[in-house]
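Observations on the model geometry
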Amino acid sequence: MIVEPAKNTFVTFESGPVRPVAKSLDGHRVFVTNTPNHSLDIFTYNEQEQLVLQHSVPVGIEPVAVSVKDEREVWVTNHVSDSVSIVRIDQVIPYVARTLLVGDEPRDIVFAKNRAFITTAHRGQHRTHSSLAGVEGAGDPLLHEPGIGRADIWVFDADEPGAAVGGTPLKIIELFGDTPRALAVTPDQSTVYAAVFHSGNQTSAVHESVLCYGFTDDDLGSQPCKVMDGIRSPAGLANGDLPGGRAAPGVNSDGVYQPWTSMIVKFDSDSGEWRDSMGRNFSNGIRFTLPDLDVFAINSESLQQTSAYSNVGTTLFNMTVNPKSGELYVTNTNSNNATRFEGPGITGGTTVQGNIAPARITIIETQSGQVSARPLNRHIDYSTLKESEAIKQHTVATPTQLAITKDGERLYVASLGSNKVAIYQTQDLKDQQLWDGRGEEFDPVTVGADHFNVPGGPVGLKLNETKNQLLVYTRFDNSVVVLNAQNGNELQRIAMLTPEPAQVKAGRFMLYDANRSSSNGEASCASCHVFGDSDQLAWNLGNPDASNQVNPQPFPTAKFSSLGCDFVGPTEPSCELLDILNGDGELLTIASMKGPMFSQSLRGMSTHGHMHWRGDRSVGYFGNDIEQQLDERTSFKNFIVAFEGLLGLDIDLPASVSEDNKSEAVINLENDMDKFADFILSVQMPPNPIRGLDNSLSNSAVTGRDFFIGTRRSDGLAVDSDLNGPEQDGVTCEGCHGLDPAKGFYGTRGEVAHGGEIQIFKVPQLRNLYSRVGMFGLPDREGFLPSHTKQHQGAQVRGFGFLHDGATDQLANFLKGGVFDNGEAPCPEGLSSSHGCDFNEGVVGIPDDTTRQGLVDFMMEFDSDLAPIVGQQMTLTFDYTLAMMERVELLQTRASTPFTSKILGGVVTECDLIVQGVIDGERRGFLFDSENQNFLTDRKDDESMTLTELSALISQESNSLTFTCQVPGMGRQMALDRNLDGVLNGDEE
């Protein structure tokens, strides 16, 4: 195979900054994680007290946090590289002296008692590495086991991080949450606090096939029923009863019947019941509990959890400790997903329009355990769907990093969504009398007069009280901003180097800027799609006041829906389902009341057809795809209606872009949607953290892949029949879930299909299913083999699992659907055709449990746009070990291995292997040439070098080289020619 060098490609992952700014112990230097440039930028103060860029130290891909260890070292977490860079700052030329390997997507880092604490997800290739065999907490992440904590804290001895290839952690602390983000340390360093990022809010969804038939406003739904397995959950109704069907309305404003979807329920702590929006008890439909442990206290010496705090918020961003009182402040948003519907709320009676995820600071009294949430935007009247323009100036949206004065009296908060730094007196936040709704109250309007306006998307803060400065990192323009800490005057703004193309930078604000998105200044796309990803919740954002639409998307398996009718008869369960399919019984309906839908990631959308679970945006403002072009750009731009209908922007959109006499506001929004599309369609998903770094599959996943792409059909008939026309009557897994990297297909071709559910859905992509592990517990369902988790599973870390609504706990339970059943033998004793176990007659479907589990594992390790090796690193110094060199050789092998990806331009190699570091007091860069198996240098007159020759350069103690598997197509810019002007870096200096 001929592998062409990758064209210059820029890929962004939109990693969220966590702790992007730090200052040296003496206050003379400032360290900033330059996320898009993959560097740590080091600034010094000149004689005029102005910051000047002194060094830019290459680290890993998308650094998000920096913490100062001492006067010799700072440590940096690299979100995509799954690594920590230890940077020596006591040298003339700072350099990476060591790269530690940690779990997936490290976020924050702090030091306490000479130990480093690092937050990561409970997954990643390195946690199972043989070098960690004796480390407590390392090993198999147990993706298929219930009741497992999935928030990891890697702890290293800061002076002796270990001689193993990626360091040897003292312990990997497993906390009972789902992926941590922020850390904070008490002044005496005795306690480290860790916050779960997407901690949830004790909501979940009752599966559509568990619920009673119908809605409460029809004859069926007004009657109670029993769960299929008859099991009573704790606090559930007697005898496994459910109180009735879905909460009304069951028709939209046109009087058209809507689909029998799943339903969101919320745990009521007073009663111990899972209740719907009408207050009814649906506990028998949920088979687990959610403790909602959000923030954990860890003893920094024993490394044991000492406390846990609940109900802090839904999405937790950052924390800081009051140095005087010991109170812990947590910036967060509180998602309103238990409220139904978008739109005006006339027919349905409720709406989340403009009231999606209110911004808060939660105070934790760490000694008493009291948790007090402080909503920051009490001036907003959420019942007024379109607020006046004046409201915005007082609003704080997406609060992220905090900084507090040494006396503990003043708190600064970066407001990413409002382009400001909010300032609060800690006594005002603490005083319960200002928050009890009686007498004098906290007034955001008065307090807001003291906020600092900071254009550019402020996301990180560091207070330098000695110089009376507040240092701010702004993400939209990738700048360091220096403010007067008392009055907010901007003293300096330094734009940092970024390789991001202009169109990427220009559209980023549309994701976060709540002033642009909403009339009250609080709601933005990032309210749910946090940092362009997902909030890990389901929302019922149907609109009862809207009309149904007609689905124009390709539907090659349309005949599958009627196979039960055609070959069994009208009493076959799937045949009876057709009368209520999509609510109105029409195959091509896109119902206006779609039911709960899990928030999808906005990453990796550029090759997968229309957006939304049903491909809803195939029709809309910018055009209807009647020609089935599957144009992602037009589909994304059709989201323009959400700015008014969901976010609450005060704008009157016409029916389509082609309307005449549009207002200036409408034209401006249309233009901004072009910018938004340019930005978001460039954002990609990170590499798979479960699949082997050599791109190999586990043995079980190989079994699953063989079936997935094999010849045996998983659904439909074994042989096509002419009785119902010329259409295909059966497919393999791959027949629906297209897998073709050359076309950018990773589970979907942009087609729709009927998977035995109540609605027709777009066939989904399968690249990030590993991120949805953590919900265990599901009752038996009609049309499915018995659930292996139908008994109550106890405490879990997530309320939403798999499929469009998150109501399925495990993929194995999804694959027990009747459409996939082997059917080789009659239904087992105690089961009936209602379990979907008597249709396929042993020739179609998943043949056994081994294959079923193999499919689950294959989907966890699914192919993606980038190879698993992308981002991986290793640093070599004079005392490198054989194991370290073996890892470098692995990187070189993968950089020589062909890889196909549409977003990368076709056939490339798995990565561009770049080498950066300091040799004999000079910063150097090298790029591996896979064709000639040598390294190109950053000087045009230098000869290329072999790996042996390159490694010989680090024989001196002060020399260091870091090898990074960069995104294919980005290697030359990141290592040899930073500005792509044709003059190599080494020849410019």
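By convention here, each chain's residues receive numbers from 1 onward along its written sequence. For this predicted model, a pLDDT threshold of at least 70 governs which residues receive local features, and a threshold of 80 or more governs which side-chain atom pairs are given and counted, while totals over whole chains, interfaces and linings are taken from all residues. Hydrogens and water are ignored here; the side-chain numbers use all heavy atoms of the structure.

A run of H or I in DSSP becomes a helix once it reaches four residues, and a run of E becomes a strand once it reaches two; helices and strands are each numbered from the N terminus. Scanning the protein chain from terminus to terminus reveals 18 helices and 50 strands. For a compact globule the rule gives 2.2 Å times the number of residues to the power 0.38, and the radius of gyration it is set against comes from C-alpha atoms. Taken over C-alpha atoms, the radius of gyration comes to 28 Å for the protein chain, in line with the 30 Å a tight globule of 989 residues would show. C-alpha extents for the protein chain along the principal axes are approximately 85 × 75 × 65 Å. A simple rule labels every residue: compare its accessible area, found with a 1.4 Å probe on the protein chains alone, to the largest value its type can have, and call it buried under 20%, exposed over 50%, or partly exposed in between. With 989 residues in all, the protein chain has 63% of them scored as buried. To be clear on the numbers: accessible area is Shrake-Rupley with a 1.4 Å probe, and residue cover counts the displayed protein chains and nothing else. If you sum the accessible surface of the protein chain, you get close to 34,400 Å²; carbon and sulfur atoms cover 47% of it. Side-chain charges in the protein chain split into 74 positive and 130 negative, and the spacing between the mean points of these groups amounts to 4 Å. Within this scheme the basic residues Lys and Arg register as positive and the acidic residues Asp and Glu register as negative, but His and the chain ends are omitted. To locate a charge, take atom NZ for lysine, CZ for arginine, CG for aspartate or CD for glutamate.

Another aspect to go through is the sheet that holds strand β27 (residues 410–415). Note: two strands are recorded as paired if DSSP finds a minimum of 2 bridges between them. In space, the four strands of this open sheet follow the order β26-β27-β28-β29, with antiparallel pairing throughout. Two strands in the sheet have a free side with no partner beyond their single neighbour: β26 (399–404) and β29 (452–453).

Aromatic pairs are defined between Phe, Tyr and Trp rings, using the six-membered ring for Trp, whenever the two ring centres lie within 6.5 Å; interplanar angles under 30 degrees are classed as stacked, those over 60 as edge-to-face, and all others as tilted. Counted according to the given criterion, the structure contains 22 aromatic pairs. Relative to F963, the ring of F935 has its centre 6.3 Å away and its plane inclined at 85°; by these criteria the two rings are edge-to-face. Residue F935 is located in strand β49 (residues 934–937), and its partner F963 is located in strand β50 (residues 960–966); the two are separated by 28 residues in the primary sequence. Grouping residues by exposure puts F935 and F963 together as buried. Criterion for a charge above a ring: Arg CZ or Lys NZ at most 6 Å from the ring centre, at most 35 degrees from the ring normal. The aromatic ring of Y45 is capped on one face by K467, whose charged end is 4.4 Å from the ring centroid. Above the plane of the ring of F784 lies R781, whose end atom (NZ or CZ) is 3.8 Å from the centre.

The next thing to look at is the environment of S955. Relative to the elements of secondary structure, S955 occurs in the loop between α16 (947–951) and β50. Spatially, the C-alpha atoms of S955 and Y880 are 9.7 Å apart, while their sequence positions differ by 75 residues. Here a polar contact is taken to be a pair of N or O atoms separated by no more than 3.5 Å, where protein atoms must pair a possible hydrogen donor with a possible acceptor and residues adjacent in sequence count only if both atoms sit in side chains. Among the polar contacts listed, one links the side chain of S955 to the backbone oxygen of A952, at a separation of 3.4 Å.

This paragraph deals with a nonpolar patch on the surface. Note that patches include only residues with greater than 30% relative accessible area and no salt bridge, and the join distances are 9 Å for like charges and 5 Å for nonpolar side chains (Val, Leu, Ile, Met, Phe, Trp, Tyr). By definition, a salt bridge exists where a carboxyl oxygen of Asp or Glu is found within 4 Å of a side-chain nitrogen of Lys or Arg. Together, F567, V568 and L723 make up a nonpolar patch on the protein surface, roughly 310 Å² of accessible area in all. Take F567: its relative accessible area is 31%, and that puts it in the partly exposed class.

In helix packing, the relevant descriptors are the interaxial angle and the interaxial distance, both defined with respect to the helix axes. Between helix α11 (residues 699–708) and helix α14 (residues 849–860), whose axes approach to 6 Å, the crossing angle comes to 95°. Viewed along their axes, α11 and α14 adopt a mutual orientation that is roughly perpendicular. In this structure, α11 contributes S700, A701, T703, G704, R705, F707 and F708 to the contact, and α14 contributes T850, T851, Q853, G854, L855, D857 and F858. Partitioned by chemical class, the residues of the contact of α11 with α14 number five nonpolar, seven polar and two charged. The axes used here are C-alpha line fits, helices contributing only the stretch in contact, and every angle between their N-to-C directions lies in the interval 0 to 180 degrees. For classification purposes, angles smaller than 35 degrees are called roughly parallel, those larger than 145 roughly antiparallel, those between 65 and 115 roughly perpendicular, and all remaining angles oblique. Contact definition: two residues touch when any of their heavy atoms are within 4.5 Å. Charged residues are taken to be Asp, Glu, Lys and Arg, nonpolar residues to be Ala, Val, Leu, Ile, Met, Phe, Trp, Tyr, Cys and Pro, and polar residues to be all remaining types, Gly included.

The domain architecture assigned to the protein chain consists of domain 1 (21–201 + 292–516), domain 2 (699–861) and domain 3 (878–987). Domain delimitation follows an automatic or database domain assignment. Inter-centroid distance (C-alpha atoms) of domain 2 to domain 3 is 43 Å.

Buried residues of nine kinds, namely Ala, Val, Leu, Ile, Met, Phe, Trp, Tyr and Cys, make up a nonpolar core once their side-chain atoms join them within 4.5 Å. Grouped together as the largest cluster of nonpolar side chains are 67 residues, with contacts concentrated most on L51, F636, F643, F676 and I680. Per-element tally for this core: the top contributor is helix α10 (residues 664–680), with seven residues. Both domains that furnish three or more residues to this core are identified here as domain 1 (21–201 + 292–516) and domain 2 (699–861). Residues contacting L51, with those up to four places away along its chain left out, are V30, F43, T44, Y45, L471, V480, V482, Q492 and I494. Within the second largest apolar cluster, 45 residues are counted, among which are F899, L904, L913 and F935.

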